[in-house]
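Okay, here's what each chain looks like letter by letter:
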Amino acid sequence: MPADVGLAYVVVTHLGPGHTSMLPEIIDRQTAMPVAHLRDDDEVAANRVYVLPPDTTVTTENGRLRLHRTSAAQREYNPIDIFFASLAEDRGERAVGIVLSGSGRDGTLGIKMIKEHGGLTIAQGSDGSHPRYPSMPESAIASGLVDLVVPVEHIPAKLANFARNLDDLAEILSESDRQAERVTTARLTVCQILRNETGHDFSGYKPATVLRRIHRRMEVLQLDTIESYIERLRRDRDEVVRLFQDVLIGVTRFFRDQQAFEALQRIIPRLFEGRSADEPVRVWVAGCSTGEEAYTIALLLREHMETLRVAPRVQIFATDIDESALEIARSGRYPAPLLRDLSPERLARFFIKDGESYVTTKALRELCAFSAHSIIRDPPFSRIDLISCRNLLIYLGPELQKRVLPLFHYALRPGGFLFLGTSETVSQHADLFAPVDKAQRVFQKREYARMRVPFTVPTNVPRRVSAAGGTTVAPQAGGPPLRAAVEARVLERFAPAHVLVNREGEVVHYSAGTGKYLEPAAGAPSRQIFAAARRGLRSELRSALNESVQTRQRTVRDNVVVEVDDRSQPLQLVVEPFESAGGDALFLMLFIDRGPPLSPDETAAARRSSDGNRTVEQLERELSETRDRLQSTIEAYETSLEELKSSQEEMVSMNEELQSTNEEMETSKEELQSINEELQTVNSELNLKVDALDRANNDLKNLFESTQIATVFLDNELVIRSFTPAMTAIFKLIPGDKGRPLTDIAANIDYPELRQDIQAVFDTHQPVERRCQSQDGTIHYLARLLPYRGAEGALDGVIVTFIDVTKVVRGEEFKTLAEELNHRVRNMLTVVVGLARLTLTDTPDPRAGTKIFVSRLHAMARAYNLLSKKDWGEVELHDVVDVELSPYADAERPRVMIEGPTIRLTPKAALAVNLVVHELVTNAAKYGALSQVGGDVHVAWSVTDESGSKRVVLDWRERNGAPVVAPKRKGFGTQLIEQQVGHGLGGKVDMTYAPDGFRARLDFPLGPKTVVSKARDS
Amino acid sequence: MNLDDLVGRRVLVVEDDPLIAATQKMVLESAGCTVLGPDSGVGAALRTIGAHRIDLALLDVNLGDEAAFPVADALAARGVPFVFLTGYGSETLPSMHRNRPCLTKPCEDDDLLAALCDALRRKPQHRVEQRS
């Protein structure tokens, strides 16, 4: 490919979505031109190659490229059509469309557009190097709109030639003074040739239009001057046809020829007139090509149907011989420029935008049945209401036109309409069709005209030049006029009556005077001679004609008697083959009278006289009976013939329906195929997802089995979905318990609030945490209840986990214990320090002080001993008193008596009471009852309960001791007692130095929880 | 250290243990303070606060079954400086009293008096903080 041709190239390919194309690199290795993926808004520059990137389509607009993203969901099916269509509109005759190897039919519609706008169209030919996928170029070629079909290696040369000639065209069109006259002359010459050959006069067309087409043909033929082209036209009739087609090129766009379709729209209501719902309206679009015309008519019909209350079914048989064009029509997918003539309302109602294309809606699609059918070879449809055959007849030539129009006449039901292209006419068959709208070529079938319909037209039919149709042969004018007149007179006056029939017995010519033998049959006018024959003649006529047809010889029947009114006419019947110019076998029938007509009596007499013989009469009777039988047989035969005819018609229409069904099934098949492909894709995606799910499931399973965290998944009804093996230690779960409510399962855990907590998670959507223990209290758990979120984040259950926190709890307990111990030790040391200081301050003598201090320390130690025995729990008051008094308890003679109800004291109260009792004992031992033999101490206490607050009143009484002397000053011992009772216990103490013995009365409150039980003695 | 600041100060002592309370009373009185209390519980201490002008306070955090924090709150509200005394670590203090001076039992007399003195000096600063 030369790099300096001066053209820009855009390469559009069919790419799978998401497929990364290496095309630019591949092209780059083949050419010196710069190659790149095209970008949006690229200004097209000459001698560059632009490649369509994946997942996009491209259009062009004022010389700039527009890129359109497509998604995987909305794939563009015909990117080539879309680009060609926009290119044609943008560049006009400077556009070149090349269709290379590819599958499908993309590009065909685009080629049409380029051709219509005067551009050059090229398809990769199958010469030498076959295209690997020929269907795309073949479809384009079949449209008949491709200028050049050349092997791919010749395309560069053609393009270079095209680029060179672009400027010539401009020159020709400019019609500069020097050229003007020459060009105008040449144009008119071409128009003259066209008129002679085709009967169409283009001299009134815009000169530029005609010249463009001429130029395009010259280019294709590589002719340099217009004169040489005229020379070619004169020699080559095919070239005339090609030019004719090019000039006429009527690309069937939607609503192309607005006025024509408006005319059609006016007659549509007449199609539906008097039609019940079960009588379908049948329309035949002959030569439908890629379907635009069929869909346009469908659209108009649909619009009218929507105005009707009860609409009959509508069938549009759209036929063409080009199967690939039909494929495009069936798909109903058109690039936007093809729909430009459609109003936006119609576009929105009947088309669905899909990317840069539009797809017909089901409402249109279901009306149309597209099938391959040749109006020339195949039997026609029948009982059609409207035939639309636009711009097809012009391609057929006058000969075929003449055959096709009667065929249309046959196909139409009485009063049916024919809709032709603007440059077509029925003038040669004005007897068959009456104009409805002459300008827009709408015709109506003339009702009672009868034509013999050639179902199949032999291809070797000799060309007829005469304008008159039918089989009548124009009389050859020859010889002197007088002789002709004489012969005519003789024929008229003296020749026997005769008719000319064809092999089926249809009359093509009557002579004068046949009324004696023939009379019009009842019913619709018929040219059947057998129906018209008078009595006695019919069977003879039939057998004589059959004989002649078979033998191709003259057949003579004598003694034929025809009954005319009440008389009998004996006659001789002669049938002989008549070779007509048309080659169609015809037969001449002559009726030659033998004698005058006879009355019935004369007939009988004649019979008797001529042959009085009884045997003859017998024979005649038999003969007449036989004739009657023959007659009835013939009638039966005719009836079955009629039945066969109607069966045949039914078959034809059934065939049509089958065709349309078949066509629908084909469409369904296409749809199914694409659905199948999609399903396969979806399936493989699903397989991948299933694999991923399997993996995830396995991971989860392994996680569940390996985790030490007891977890159970519950749904909204607290039913177990799944659980981890660690859970079996907490709830007595077995694998079969999935699906049972968790509350049914026996638990090893003390967690009565589980149900409320789960409810709280449902209510608040917040996690809940709680400490709990196993039933035996040995294991501590942290229960954590988390909301289970479904796919949409909605609450779909609860996850309950139990984490064994026994070690943590034990650790915490140890820590608390250590802290408590720490605190107590510190407190005790502080107390000891205070005790030491206060004792030693009070007692100046160090030895005595030390003794008292140590004794007090021992008392404290005893109290602590008591407490430690009870694990720092509560200590009984009795024990506290007893531990200080016990050294003085004499087994022989009790000096000490302790009595009172059982009262448990807090450690603090116990310590305070212990210190008080110690001081009292010490004093008693030193100065009081315990200092003398015979003295005794009585300790008693009672509990009072005043309005809920319990108080203890402890009475210390000494007797028989040393004489009581009140101390001169309040010693530390007394202070200590007062402080302990007042400050430590919150009570009061009353000490009395009575003459019979020291007495102390302690009155202090008990904690509200203090347990008091009945009295016990010591 | 100048302990003269303490002379004549009215010091509230809140301590549940009678022996310790007596010891503290002795120490404070020897430093020239007037001791209010000693009170062994929250109720008694609050009554004392309501009835007397108080310059300083010494609070045992753990008062048997109850903690001394309501007393601390009442003192703080009146802008009375005070010193905590505890057998536990200071981490048991609520956040609003975390910055108060806190002595750990058993403590030397000098440390106790120094802490009280220090609290007295920080008093104005404290007031500003409380207003802000």
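Everything numeric here is computed off the predicted structure, so don't read it as measured data. (Residues numbered from 1 in each chain as written. Chains lettered and ligands numbered in written order. Predicted model: local features only at pLDDT ≥ 70, side-chain atom pairs only at ≥ 80, totals over all residues.)

J.: Can you break down the overall build of chain A residue by residue, with the values?
T.: Counting its regular elements, chain A contains 26 helices and 36 strands. Taken across its 1018 residues, chain A has 30% of its residues classed as buried. Considering only residue pairs separated by 6 or more positions, chain A has 63% of its internal contacts joining residues 24 or more positions apart. (Helix = DSSP H or I, 4+ residues; strand = E, 2+ residues; numbered from the N terminus. Buried ≥ 20, exposed ≤ 12 C-beta atoms within 10 Å, placed from the backbone. Contact = placed C-beta atoms within 7 Å.)

J.: Go over the overall build of chain B, please, and point to the residues and values.
T.: What chain B contains, in helices and strands, is five helices and seven strands. Order of helices (α) and strands (β) in chain B, N terminus to C terminus: β-α-β-α-β-β-β-α-β-β-α-α. Looking at chain B residue by residue over its 132 residues, the buried ones come to 40%. In chain B, the proportion of contacts linking residues at least 24 apart, taken out of those at least 6 apart, comes to 63%.

J.: Tell me about the environment of arginine 69 of chain A, and please be specific about residues and values.
T.: Residue and element names in this part refer to chain A. Inspection of the secondary structure assignment puts arginine 69 in strand β5 (residues 64-69). A residue is classified by how many C-beta atoms lie within 10 Å of it, and arginine 69, with 11 of them, is exposed. For the pair arginine 69 and proline 54, spaced 15 residues apart in sequence, the C-alpha to C-alpha distance is 8.9 Å. Non-local contacts of arginine 69, meaning those with residues more than four positions away in its chain, are made with Asp55 and Thr56.

J.: Could you give me a rundown of the packing of helix α24 (residues 877-885) of chain A against helix α25 (residues 907-926) of chain A, with the residues and numbers involved?
T.: All names here are of chain A. Two elements in contact, α24 and α25, have axes whose closest approach is 9 Å; the angle formed by their N-to-C orientations is 30 degrees. Relative to α25, the crossing made by α24 is right-handed. Where α24 approaches α25, its residues Leu877, Val880, Val881, Glu884 and Leu885 are matched on the opposing element by Ala910, Val913, Asn914, Val917, His918 and Val921. In the contact of α24 with α25, the residues fall into eight nonpolar, two polar and one charged. (Axes fitted to C-alpha atoms, helices over the stretch in contact; angles between N-to-C directions. Left-handed = near helix turned anticlockwise from the far one by under 90°. Nonpolar A, V, L, I, M, F, W, Y, C, P; charged D, E, K, R; others polar.)

J.: Let's hear about the interface of chain A and chain B: which residues, and what values?
T.: Contacts between chain A and chain B engage 18 residues on the former and 15 residues on the latter. The element best represented in the side of chain A that touches chain B is helix α22 (residues 806-842) of chain A, accounting for twelve residues. Across the side of chain A that touches chain B, the residue classes tally to five nonpolar, nine polar and four charged.

J.: Just give me the short version of the pairing of strand β29 (residues 795-804) of chain A, but keep the residues and values in it.
T.: Residue and element names in this part refer to chain A. Bridging between strand β24 (residues 710-714) and β29 involves five bridges; their strand directions are antiparallel. Paired with phenylalanine 713 across the two strands is isoleucine 799, which belongs to β29. For strand β28 (residues 780-789) and β29, the ladder comprises eight bridges, and the chain directions are antiparallel. What sits directly across from leucine 785, in β29, is valine 800. Here β28 hands over to β29 after five residues, with glycine 793 in that stretch at a positive phi of 85 degrees. (Pairing = 2+ DSSP bridges.)

J.: An account of unusual backbone geometry is requested, with residue identities and associated values reported.
T.: All names here are of chain A. Despite not being glycine, asparagine 62 shows a phi value in the positive range, around 50 degrees. Along the chain, asparagine 62 falls in the loop between β4 (56-61) and β5. One non-glycine residue with positive phi stands out, namely serine 289, at about 55 degrees. Position of serine 289 among the secondary structure elements: in the loop between β9 (281-286) and α11 (292-305). You can call serine 289 buried: it has 25 C-beta atoms within 10 Å.

J.: Pulling in residues and values, what's your account of the pairing of strand β35 (residues 997-1005) of chain A?
T.: Residue and element names in this part refer to chain A. Here strand β33 (residues 949-959) pairs with β35 via seven bridges, running antiparallel. Looking at β35, one finds that leucine 954 is bridged to leucine 1002. Across seven bridges, the pairing between strand β34 (residues 988-994) and β35 is antiparallel. Bridge assignment links lysine 988 to a residue of β35, and that residue is aspartate 1003.

J.: Give a description of the sheet that holds strand β7 (residues 102-104) of chain B that names residues and reports values.
T.: Residues and elements named next belong to chain B. The five strands lie next to each other as β2-β1-β3-β6-β7, forming an open sheet whose pairing is parallel. Since the sheet does not close on itself, it has two edges, and those belong to β2 (34-39) and β7, each with one partner. Neighbour to neighbour, the strand axes of the sheet diverge by 20 degrees on average, direction disregarded. Pairing analysis gives four bridges linking strand β3 (residues 56-60) to strand β6 (residues 82-86), with the strands arranged parallel. Note that in β6 the partner of leucine 58 across the bridge is valine 83. Against the sheet, helix α1 (residues 18-30) touches β1 (10-14), β2 and β3, its axis set at about 170 degrees to β2.

J.: Describe the nonpolar core, with residues and values.
T.: In terms of nonpolar packing, the biggest core is built from 93 residues, with Ala294, Ala298, Ile316, Ala318, Cys368 and Ile387 of chain A touching the most fellow members. Apart from residues no more than four positions distant in its own chain, alanine 318 of chain A is found in contact with Val285, Cys288, Gly291, Ala294, Ala329, Cys368, Ala369 and Phe370 of chain A. (Core = buried A, V, L, I, M, F, W, Y, C linked by C-beta atoms within 7 Å.)

J.: Now, about the sheet that holds strand β13 (residues 357-360) of chain A: what can you tell me, with residues and values included?
T.: Hydrogen bonds between backbone groups are what pair the strands of a sheet, and the pairing can be parallel or antiparallel. All names here are of chain A. With antiparallel pairing, three strands are arranged side by side in an open sheet as β11-β13-β12. On the outer flanks of this sheet lie β11 (333-335) and β12 (351-354), each paired with one strand and no other. For this sheet the average axis-to-axis angle between neighbouring strands, irrespective of direction, equals 30 degrees. Pairing of β11 with β13 involves three bridges; the strand directions are antiparallel. Each residue of the ladder has a partner; that of arginine 333, found in β13, is valine 359.

J.: Can you break down helix α4 (residues 135-142) of chain A residue by residue, with the values?
T.: All buried positions along α4 of chain A are accounted for by Met136, Pro137, Ser139, Ala140 and Ile141 of chain A. Note on α4 of chain A: the residue one or two positions beyond its end, glycine 144 of chain A, has a positive phi of about 75 degrees.

J.: Can you explain the confidence of the model for chain B? Please cite residues and give values.
T.: Residue and element names in this part refer to chain B. Here chain B averages 80 in pLDDT, and 88% of its residues register 70 or above. Mean pLDDT values over the elements of chain B span from 44, in helix α5 (residues 123-131), up to 89, in β1. Taken together, the stretch residues 125-132 has pLDDT below 50 and engages in four contacts with residues farther than four places along the chain or on a different chain. (pLDDT = per-residue confidence, 0-100.)

J.: Can you break down α22 of chain A residue by residue, with the values?
T.: Taking 1.5 Å as the rise per residue, α22 of chain A with 37 residues should run 54 Å; its terminal C-alpha atoms sit 53 Å apart, in good agreement. Taken as a whole, α22 of chain A has its buried residues at Thr830, Val831, Gly834, Leu835, Leu838 and Thr839 of chain A. (Expected span 1.5 Å × (residues − 1).)

J.: Any details on the environment of arginine 441 of chain A? Residues and values, ideally.
T.: Residues and elements named next belong to chain A. Relative to the elements of secondary structure, arginine 441 occurs in the loop between β17 (433-437) and β18 (442-445). The spatial distance from the C-alpha of arginine 441 to the C-alpha of threonine 422 is 6.2 Å, given a sequence separation of 19 residues. Here arginine 441 is in contact with Ala260, Phe419, Leu420, Gly421, Thr422 and Glu424, once residues within four sequence places are set aside.

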